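Residue strings, one per chain:
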Amino acid sequence: MLQPKILYFLFFSFLPFMIAAQNTLTIVAENVQSSDGLIAVGVYIDAASFLKEGKEYTGVFAKAEKGTTRIELPNLPNGIYAVSIFHDENGNKAMDTNFFGIPKEPLGFSIGKLKTFGPPSFEECSFEMTSDFEIKIPLK
């Protein structure tokens, strides 16, 4: 059996990790044209992983709701984040593109806007989160 002193030591050693700030990020997808399919959300923490499939810090697919779709991502620590979303209209959990790689489904980014020849950078989309945070992202 462990000594009480050892238990106290272990408890207080891990206390900073147990009480690390955990926040909820609420994404409000605007201009959702139909309730068909899903809204795909990718949350990124650095430029190296930004918009790379499978490199998201976290992500989710939520049922699309015509007009506005609200998606909550709980338990995110304080930090710098960038978000990309798209309306997966056919529900295949993939961004459909044309022959040239241009997206065929509506998409949007936190803060940054889609450019004429490509997506915005991580730096253009990033924001700091130190408490619960809500961000509105219009789909285009």
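The text that follows walks through the structure, step by step, so that each part is easy to find. (Residues numbered from 1 in each chain as written. Predicted model: local features only at pLDDT ≥ 70, side-chain atom pairs only at ≥ 80, totals over all residues. Heavy atoms only, no water.)

1. Some thoughts on the overall build of the protein
Okay, so step 1: Looking only at helices and strands, the protein features two helices and eight strands.
Okay, so step 2: Starting at the N terminus and walking to the C terminus, you meet the elements of the protein as α-β-β-β-β-β-β-α-β-β.
Okay, so step 3: Entry remark: accessible area of the protein is about 8,900 Å², with carbon and sulfur atoms responsible for 58%. (Helix = DSSP H or I, 4+ residues; strand = E, 2+ residues; numbered from the N terminus. Areas by Shrake-Rupley, 256 points an atom, 1.4 Å probe, with all protein chains shown as cover.)

2. Side note on the pattern of salt bridges
Okay, so step 1: Taken as a whole and assessed by the stated rule, the structure comprises one salt bridge.
Okay, so step 2: Between Arg70 and Glu134 there is a salt bridge, with the nearest N and O atoms lying 3.0 Å from each other. Separated by 64 residues along the polypeptide, Arg70 in strand E4 (residues 67-77) and Glu134 in strand E8 (residues 133-138) bring together distant segments of the chain.
Okay, so step 3: Arg70 gets classed as partly exposed once you look at its relative accessible area, which sits at 48%.
Okay, so step 4: Of the residues examined, Glu134 reaches a relative accessible area of 41% and is grouped as partly exposed. (Salt bridge = Lys/Arg side-chain N within 4 Å of Asp/Glu carboxyl O. Buried < 20%, exposed > 50% of the residue type's maximum accessible area, 1.4 Å probe, protein only.)

3. Things to note about a nonpolar patch on the surface
Okay, so step 1: On the surface, a nonpolar cluster with roughly 440 Å² of combined accessible area is contributed by Phe99, Phe100 and Ile102.
Okay, so step 2: A relative accessible area of 68% places Phe100 in the exposed class. (Patch = residues over 30% accessible without salt bridge, like charges linked within 9 Å, V, L, I, M, F, W, Y side chains within 5 Å.)

4. A look at unusual backbone geometry
Okay, so step 1: A positive phi angle, near 65 degrees, is found at Asn31, a position not held by glycine.
Okay, so step 2: If you check the backbone angles, Lys93 has positive phi at about 60 degrees while not being a glycine.
Okay, so step 3: Position of Lys93 relative to the elements: it lies in the loop between strand E5 (79-88) and strand E6 (107-109).

5. Things to note about the side chain of Ser49
Okay, so step 1: Inspection of the secondary structure puts Ser49 in the loop between strand E2 (38-44) and strand E3 (58-63).
Okay, so step 2: In contact with Ser49, other than residues within four places in its own chain, are Tyr44 and Lys55. (Contact = heavy atoms within 4.5 Å.)

6. Overview of the packing of aromatic side chains
Okay, so step 1: If you walk through the whole model with that rule in mind, you get five aromatic pairs.
Okay, so step 2: With a centroid separation of 6.1 Å and 55 degrees between ring planes, the pair formed by Tyr57 and Tyr81 is classed as tilted. Of this pair, Tyr57 sits in the loop between E2 and E3 while Tyr81 sits in strand E5, and the two are 24 residues apart along the sequence.
Okay, so step 3: Since its relative accessible area comes to 2%, Tyr81 is described here as buried. (Phe/Tyr/Trp six-rings, centres within 6.5 Å; stacked < 30°, edge-to-face > 60°.)

7. Points about the nonpolar core
Note that soluble globular proteins tend to have their nonpolar side chains buried in a common cluster.
Okay, so step 1: Leu25, Ile27, Ile39, Val41, Val83 and Ile85 are the most contacted members of the largest nonpolar core, which totals 20 residues.
Okay, so step 2: Among the elements that line this core, the one with the most residues is strand E1 (residues 22-32), at four residues.
Okay, so step 3: Among residues more than four places away in sequence, those in contact with Val41 are Ile27, Thr58, Gly59, Val60, Ile71, Leu73, Val83, Ser84 and Ile85.
Okay, so step 4: Residues Ala82, Leu107, Phe122 and Cys125 belong to the second largest nonpolar core, which totals nine residues. (Core = buried A, V, L, I, M, F, W, Y, C linked by side-chain atoms within 4.5 Å.)

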